[in-house]
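Structural overview
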Amino acid sequence: MTDEAGGADKAGRMIMRGAQATAMGFAIRFAARLLFLFVAGRLYGVRLFGAYVLATAMVELAVGAAGLSTKKTLFPLLDMHEGDGDRARAHVVLDAALLVAFASLVLVAAFVLTALLLPDSLLPREAGTAFLVLAPTIAGQALLDLFLAAARWKQKVRYEVIGRSLVEPYALAAGAIAAFTLGLGSYGLLVGYWCGTLAALLYAIRGAALSFGGFGLAQYRPSGASFRWLAKAAGANTANDLLSALYMRLDLYLVGIMLGPGPTGIYGMARQVTTPIRQVRQSFDGLLIPAVAKTIGVRGAGGTGEALASATRLILVIQLPILIALFAIGARLMEWLGHGFAAGYWPLVILAAAELLQSALGIGDLIFVYLRPRIGLYLTMVSIAVGIGAALLLIPRLGITGAALALFVAYGLRTILRSLVLRTRFQLAMPQEHVAGPFAAAALAAGAVWLIPNDLLAAAAGLALYSAILLTWLKASGQSLSLTGFVAEGGGTLDKAAPPDASQPLEELG
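Note that the structure is a prediction, hence the values are computed from the model and not measured.

Some words on the overall build of the protein
Within the protein one finds 17 helices and zero strands. Here the protein holds 510 residues, and 55% of them are scored as buried. In the protein, the share of contacts with a sequence separation of at least 24, taken over all contacts with a separation of at least 6, comes to 84%. When the accessible area of the protein is evaluated, it comes to approximately 20,800 Å², of which 68% is carbon and sulfur surface.

Points about a nonpolar patch on the surface
Nonpolar side chains collect at one region of the surface, where L118, L122, I257, M258, L259, I388 and L392 lie side by side and expose about 500 Å² of accessible area between them. Elements that contribute at least two residues to the nonpolar patch include exactly helix 8 (224-259) and helix 14 (373-398). With three residues, helix 8 is the largest single contributor of residues to the nonpolar patch.

So, the environment of G188
Tracing the backbone through its elements, the reader meets G188 in helix 7 (residues 188-211). With 148 residues separating them in the primary sequence, G188 and A40 have C-alpha atoms 9.0 Å apart. Apart from the residues within four sequence positions on either side, G188 is in contact with Y44, G175, A176 and A179.

Description of the packing of aromatic side chains
Scanning the entire structure with this criterion turns up 14 aromatic pairs. Taken together, a centroid distance of 5.1 Å and an interplanar angle of 65° make the contact between Y345 and W346 edge-to-face. A relative accessible area of 40% means that W346 is categorised as partly exposed. Consider the rings of W346 and W450, whose centres lie 6.4 Å apart with planes at 55°: the pair is tilted. Note that W346 is positioned in helix 12 (residues 345-360) and W450 in helix 16 (residues 433-451), a separation of 104 residues in sequence. Chaining the aromatic ring pairs together yields one cluster made of F36, F49, Y52, Y193 and F341. The residue whose ring lies beneath K154 is F212, and the NZ or CZ to ring-centre distance is 5.6 Å.

Considering helix 17 (residues 455-477)
Across its 23 residues, helix 17 extends 32 Å between first and last C-alpha, which sits within 8% of the 33 Å expected from 1.5 Å per residue. D455, A458, A459, G462, Y466, L470, W473 and L474 are the residues of helix 17 that are buried. Looking at the buried positions of helix 17, the neighbouring elements they touch are helix 11 (305-336) and helix 16. Between the side-chain oxygen of the N-cap and the backbone nitrogen of L456 there are 3.1 Å, and the N-cap of helix 17 in question is N454. Trailing helix 17 by a residue or two, G478 shows a phi angle of about 75°, which is positive.

Calculation rules
- Residues numbered from 1 in each chain as written.
- Predicted model: local features only at pLDDT ≥ 70, side-chain atom pairs only at ≥ 80, totals over all residues.
- Heavy atoms only, no water.
- Helix = DSSP H or I, 4+ residues; strand = E, 2+ residues; numbered from the N terminus.
- Buried < 20%, exposed > 50% of the residue type's maximum accessible area, 1.4 Å probe, protein only.
- Contact = heavy atoms within 4.5 Å.
- Areas by Shrake-Rupley, 256 points an atom, 1.4 Å probe, with all protein chains shown as cover.
- Patch = residues over 30% accessible without salt bridge, like charges linked within 9 Å, V, L, I, M, F, W, Y side chains within 5 Å.
- Salt bridge = Lys/Arg side-chain N within 4 Å of Asp/Glu carboxyl O.
- Phe/Tyr/Trp six-rings, centres within 6.5 Å; stacked < 30°, edge-to-face > 60°.
- Lys NZ or Arg CZ within 6 Å of the ring centre and 35° of its normal.
- Expected span 1.5 Å × (residues − 1).
- Polar contact = N/O pair within 3.5 Å; in protein donor to acceptor, adjacent residues only side chain to side chain.

Here it is as structure tokens:
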């Protein structure tokens, strides 16, 4: 085995180990999310949950701007102070926190004023009230991202895993249960969100303080240079983050405006249940992103086809069984979550397929991030426009199923355009045989699920058939599920991975 091949194997194994560790955190987090969804659906019903979903979607959109992308731009600023000691770097974190807090307060005021002025036709009354209660948590969530990023720069990933996977979701569920028990009625879910945000923020601040050996508050003096650097670096990244946040939630807003809180609650529940599909991809990103960046730097965009295709293949192989299981038992699961949610079965299946397209086949977007950020921005804008057009056409006719179809159309178009741009602009063609087997196995398994009337038996048979066909294909084609084609750090081994957001290109950092 050559040194390059050996290094590539080690890079693949490193990515896998990082993915396994992160996936454990996601699994724990989803268990907590499922508990919360059960509480929200059973205790509060579709209308209150719909108002909560719309309000939190607005909060998350605002956080995309309020954070000023410091969870990305903080890393190079801390690197500039590498020789100044932990105390000086801790003060850089405090500078960023002050800037984020100020930006958050300005945005809170702007969003609250907008919510007060919007008519009920654009912002349903229940959702508007819920957002006014949750608006201050914009600052809490933005600061939470910042302090977790600071701890991650010190390679203390456990604070993010525990904070996001345990502290926040379980505090949210506990707060919602306590509020219901105390008779707070329509405010119960909002109380839970406040509890989750504050608990996670306090934990993140403590984690960052321990990571840097304390913040040295007595010696701290705000730095105008840090403020200017972060403000300058925020421009392009914040616009990109804000547009991406809108892209990921636009369907929810349109459902809320066109159909109201009740259908939004059902649709929002379906979206929440599809979360594990996205999290499979996210579990790889921590080490996949810097590995792709290294491979691009050594081989160029055209030389990354094998690496991107092998990663897509592995992620698909893990995601497709989730889609098969939801196809089989999705109706039972939605019904279990509360009265009225079973109507979200077909939106659930369509949304799961859309998430799979965007997450697994979207790895090619990393080429745009590192080489041509504006191309990715243009593709997002086109997808948003198509998604809006499809939603306006389909939602009045098909309701929440139409909203799910509109999202699928937008993601599908982006998949096609991404492939065309990568092939023509970057001479990158990912080997199609890497994904043909998983898709074929899933299609045949879905057919078996459709023919078997008992949902639990259908799920078991579908997953067994998927596994058998996949293993047969791997053996016949000579392929494996290994990650191949990556260039390791230093050309040989991947000894130390950069934090997930630390590898952004200088062009994107402003």
